[in-house]
Structures are given as structure tokens and as C-alpha cells.
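# Summary of structural features
Now for the letters of each chain:
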Amino acid sequence: MTATDSHRAIDAVWRIEAPRLIAGLTRIVRDVGLAEDLAQDALVAALEQWPESGVPDNPGAWLMATAKHRAIDRLRRDERLERKKEQLGRELQLQQEMAMADDNISTDVGDDLLRLMFISCHPILAPEARVALTLRLLASLTTEEIARAFLVPVATIAQRIVRAKRTLTEARVPFEVPTGPELTARMSSVLQVIYLVFNEGYAATAGDDLMRAGLCEDALRLGRILAGLAPKEPEVHGLVGLMEIQASRSRARVGPSGEIVLLLDQDRGRWDPLHINRGLASLERAEKLGGALGPYALQAAIAACHARARTAADTDWARIAALYDALAELMPSPVVELNRAVAVGMAFGPAAGLELVDRLVSEPSLKAYHLLPSARGDLLEKLGRSDEARAEFERAASLTQNVRERDLLLRRAAACGRGVS
Amino acid sequence: MPRFLMYEIDDKAVAGNTPPSPELMAEMGKLIEETTKAGILVATGGLGPNSTHVRTSGAKVSVTDGPFTETKELTGGFALVEVKSREEAIEWAKRFRKIVGDGESVVQEVFG
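### So, the overall build of chain A
- Assigned secondary structure in chain A consists of 18 helices and 0 strands.
- The principal-axis extent of the C-alpha atoms belonging to chain A is close to 85 × 50 × 35 Å.
- Residues classed as buried in chain A amount to 42% of the 421 residues present.
- Across chain A, the fraction of contacts at a sequence separation of at least 24, relative to all contacts at a separation of at least 6, is 61%.

Below, the structure written as C-alpha cells:
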């Protein structure tokens, strides 16, 4: 085995073991920053020793044992502790906790992971800090990988992570699974972080770094892990269902030269049936748990309407419009209204859709939102109002930052009035 | 999303058709649970003992029932995993091998 080979093998072990390792260590030392440092120490030791000795039989246990030794070493060296007695007391306590941790490791590891997710998605942190910390601690991405994926400088991500860990330490955020009404709010923060990661990956285009599209995989994996940790939470399954179904279209949504292919124009034969089936199963779980009307479950149900339709013409638009009605009631937003208008246009004709879209034209938050003129253009075109449609597509093109999307909108503008839709 | 198919190959003439022990089944159950909880297992299944080969040669199609003693055959079961890298798939295959004992597994990337 060459040095590169064995480093890659260690990387793979790390990816599997690191979240559990950090979670277990956080329980022991009660500080997520210190826990990550200790885990990193263990990784350094592995990188030094494994190429020679080979990967141990139980690499997770090896990493944990090594990290715990480092914890004791650090504590002994810790000069901030003033009294020797106090230090000894803490060491004893730590050793006891470690012994207990050993006994509980197999049963508690899931709870620890869940606690770690709640910490890294804590509302005390800014959303972008939650995202960076979660990818780092729970998806084992390096700071460099996160920076590449989000198209920001490495120093920015490093800063975000350092600050986030400091904030958590200073606020003494407890390492626990929240209960009661707090659980709902905290869970929704976790779900939001995972979906943010997914959407960032979904927005990747052909020329982007592969790390970026990889965010979809990271989010899916996090979502599935969370579904295993909190199987009774319907919205977790709703979110996983939504992501699985969206991921099922990833091959079909980009054309041969990297151009965007809209949902209704996609070759459904290229949709991944495995992801669709998994997504439908997750949605069903959410519904069976009584969560059919949760925001993620509703969005998954809408995605499922498309997934179930064999052709675009088979789409049950009336059902989609009804699901958007429910979604708009649950979380009223101009973007949801716009989507509802599009569904209504498909279900009950372009005039009905346009009537709803026109109500949104003066909406301040949609002023620079390219999908508004794009949807309006689409409806106008169907009503035969080509000149107005062309102007809307051109306006939409001028508003989008995404080159592929701009190309598509300009193509549509050029096609207006030529009988091509 | 990189997907890898992992399956066991075996020489059936040697292995025979002994059913797996309850202990092995329990260990396998744990591994399936672990990979599911790790968010990587997307499909898995066991394979029946007898395979049938369907061959074409020109216009001729021949159907032959196994077992085929001259070749190693896919046996036991398979797992389809979604992971970041081949190395990660190999790491999971190693964990599988530690449970099932002597034998051989194949890890192949699945495209499309």
C-alpha cells in the first residue's frame, strides 16, 4: 500500500467514525471545540501510525481510546487550573465518566450524535455558521472542502467555525436533546440546516467544483442519519422524502451541453427510480406518523405528484394546487404563492394562473426574483400574448445570476411568438 | 452520487448450500442497521441459492441451470451503498468481511 493509498483509506475510516467520535467526546468533555481538537489529535496519531501498523481491527475504538488519552494529557497540562487538588478531582471525574462512556458506547452513540446535531444547528449561531459547523462535525468535511463547496474563501469558513465553537462554549450550551415545545423549534433548525446544504448543492451548475454538487449527497446522508436517530419525527421523514425525490432528477435536469432542463421537459426515464421509491417511502412514513401537513411533508407530497406521473401531461395539477394551498396556509410566503399560481395555471388554465401571479407583481420581496417574470412570461405566452411574454422572459434573464438559467430564459424569449413553447 | 455494489462471490461446489447460522444473521442484521443509520445503504437483499444462466450466441439463446462448479458465483447477498469514495465502500466491505469470515467480496462502482 502506498502512502497515498493508506491516507485515502484513513480518510474513509475518518469519514465514517469522526461524527460518532466527536459526539462521544463532547459528552465526556462537555465542549464541542475541545472534543473536535481531541478527535483531530487522534486522527493525526492515526495518520502517523496506521500506514506502518495497518488500520486496527476496530478503528473507531482505537480513535476513541487515543482521543481519551489526549484528553487526560491535556487536562494534566492545563495550567489554567489553579489548584492541584481541583485538577486531580476533575481528572478522577473525567476517568469515571470515561469508564461509563465505555460501558454505554454502543447504546448511547446514537443519542450523542443527535445531541451533536442539535448543538451544531443551535439557534444561537447564525445560519451560515450552523451550516459550516454541521458539515464539519457531522459530515466530516474539511474547512477547505466546505469553502470550495460554498464558493467562499477558506479563511471565511475557518473563522465561522472557530467563532461558532467559541459561541457555543461561552454560552455553555448543554449537550442534550431538547424536550417539549423546544424540541419542535430546535428540530426545525436542524432540518433547515440540512435543507440549506441540499439546496446549495442543487444550485450547482456544470462548471462548478464537484464539491458543490456533492453537498446534495452530504445533505441526504445527514437527513438519513437524522431519520435513524429521530424516527418518530414526521418532518424528518418529510425532509428526507423531499430530498430523495429532488435528487432523483439530478441526471435529468441538465442537458448534454450543461443547460438546464425544466421539470416538465425532463426525460423521466432518466429519473432515478431508487431515489424516487425511497422518497415515496419516506413520505409515507411522515404521513403515517400524522405529519402529512408538515411543511416538508407537503413539499415532498408535491414532489411526489411529479414523481408519480409517467409523463408531464399525467401530472395531477389540481392536487399540486391543493397542496400549495395547504402550504401557503402553513407558511405564507410570496414564493409559495407564486408556485401555487403556477400550479393553478396548469390545473385550471393560464388565465386563472395569471390572475394570481399579477397579484404578486407589486410584492417588494419578489422585486428581484427572476422566477416571477419567468412564470408570468410562461402564462402570457400560453395566452398568446407573445410581446408581453418576451419582455417578461428578458426581464427574468436580466435578474438571474445563474448563467445556465439566463441562457434558458433568453432562449425562451427568442422563441416567443414563433409558435415554439 | 457515487454508488457501489458490494456482493460476495463464492465457489458453490466448496461452499455448498449451508444456510447462515442465526449468530451470523444477527451480526448481519447489526451491520445492516449500522449502514442504514450511517445513511449509506440504499438497497440490499439476499440471493437465492440457484442461478440460471441465459446465454446468447448469434440467434441462439441457451438457458442453463446452475450450480456452476467451474466459476465463482455471486452468492449470499448484495448491498448497494451511496458513499463518498471507493475507499469508503472498501472500508464497509472490510467490516462486512470481518463478520462473515473467510471468503471474498467484490466492490464495484455503479454508474448511471
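### Observations concerning the environment of Arg 253 of chain A
Residues and elements named next belong to chain A.
- Turning to its location among the elements, Arg 253 is positioned in the loop between α10 (234-247) and α11 (273-288).
- Residue class for Arg 253 comes out partly exposed when judged on the 17 C-beta atoms lying within 10 Å of it.
- Apart from the residues within four sequence positions on either side, Arg 253 is in contact with Ile 260, Val 261 and Gln 266.

### A look at the nonpolar core
Residue and element names in this part refer to chain A.
- Among the nonpolar cores identified, the biggest contains 124 residues, and Ala 39, Ile 194 and Ala 300 are the most heavily contacted of them.
- A per-element tally of this core places helix α1 (residues 3-29) first, with 13 residues.
- Those residues within four positions of Ala 300 in sequence are excluded, and the remaining contacts are Gly 238, Gly 241, Leu 242, Ile 245, Gly 279, Leu 283 and Ala 286.

### Some details on the sheet that holds strand β6 (residues 104-110) of chain B
Residues and elements named next belong to chain B.
- Spatial ordering of the open sheet is given by β2-β5-β1-β6, a layout of 4 strands whose pairing is antiparallel. The open sheet has two edge strands, β2 (41-46) and β6, and neither has a second partner. Shown here is a sheet whose adjacent strand axes are inclined to one another by a mean of 20°, direction ignored.
- With 8 bridges connecting them, strand β1 (residues 3-10) and strand β5 (residues 73-82) associate as antiparallel partners. From the neighbouring strand, Phe 4 faces β5, where its bridge partner is Val 81.
- Along the sheet, helix α3 (residues 86-100) contacts β1, β5 and β6; its crossing angle with β6, the most-contacted strand, is approximately 155°.

### Topic: the interface of chain A and chain B
- On the chain B side, the residues contacting the 14 residues of chain A number 14 residues.
- Of all the secondary structure elements, the ones that give two or more residues to the side of chain A that touches chain B are α1, α9 (210-229) and α11 of chain A.
- Ranked by the residues each element gives to the side of chain A that touches chain B, the list is headed by α1 of chain A, at 7 residues.
- For the side of chain A that touches chain B, the class distribution of residues is 6 nonpolar, 1 polar and 7 charged.

### Looking at helix α12 (residues 295-308) of chain A
All names here are of chain A.
- For α12, spanning 14 residues, the distance from its first C-alpha to its last is 20 Å, which sits close to the expected 20 Å at 1.5 Å a residue.
- Burial analysis of α12 places 11 of its 14 residues in the buried class, which makes it a mostly covered element.
- The complete set of buried residues in α12 reads Tyr 296, Ala 297, Leu 298, Gln 299, Ala 300, Ala 301, Ile 302, Ala 303, Ala 304, His 306 and Ala 307.
- In this fold, the buried residues of α12 make contact with α8 (180-202), α10, α11 and α13 (317-330).

### Some words on the environment of Leu 399 of chain A
Residues and elements named next belong to chain A.
- Summarising the element assignment, Leu 399 is placed in helix α17 (residues 386-399).
- Overall, the presence of 18 C-beta atoms within 10 Å leaves Leu 399 in the partly exposed class.
- Once the C-alpha coordinates of Leu 399 and Tyr 369 are considered, the two residues, 30 residues apart in sequence, prove to be 6.9 Å apart.
- Beyond its immediate stretch of four places on either side in the chain, Leu 399 contacts Ala 368 and His 370.

### Observations concerning the pairing of strand β4 (residues 60-65) of chain B
Residues and elements named next belong to chain B.
- Little of β4 is tucked away, with 0 of its 6 residues classed as buried.
- Pairing analysis gives 6 bridges linking strand β3 (residues 52-57) to β4, with the strands arranged antiparallel. Note on β4: the bridge partner recorded for Val 54 is Val 63.
- If you look at the hairpin formed by β3 and β4, you'll find 2 residues sitting between the two strands, and Gly 58 has a positive phi there, around 60°.

### With respect to the confidence of the model for chain A
- Taken over all residues, the pLDDT of chain A has a mean of 89, while the share at 70 or more is 90%.
- Note on residues 103-107 of chain A: pLDDT is under 50 here. Beyond four places in sequence and across chains, it has 1 contact.

### Quick word on the packing of α8 of chain A against α10 of chain A
All names here are of chain A.
- Between α8 and α10, the least distance of the axes is 10 Å, while the angle of their chain directions is 5°. With respect to each other, α8 and α10 are oriented roughly parallel. Residues Met 187, Leu 191, Ile 194, Tyr 195, Phe 198 and Tyr 202 of α8 touch α10, and the partners they reach there are Glu 235, Val 236, Leu 239, Met 243 and Gln 246.

Calculation criteria
Residues numbered from 1 in each chain as written. Chains lettered and ligands numbered in written order. Predicted model: local features only at pLDDT ≥ 70, side-chain atom pairs only at ≥ 80, totals over all residues. Helix = DSSP H or I, 4+ residues; strand = E, 2+ residues; numbered from the N terminus. Buried ≥ 20, exposed ≤ 12 C-beta atoms within 10 Å, placed from the backbone. Contact = placed C-beta atoms within 7 Å. Core = buried A, V, L, I, M, F, W, Y, C linked by C-beta atoms within 7 Å. Pairing = 2+ DSSP bridges. Axes fitted to C-alpha atoms, helices over the stretch in contact; angles between N-to-C directions. Nonpolar A, V, L, I, M, F, W, Y, C, P; charged D, E, K, R; others polar. Expected span 1.5 Å × (residues − 1). pLDDT = per-residue confidence, 0-100. Parallel < 35°, antiparallel > 145°, perpendicular 65-115°, else oblique.

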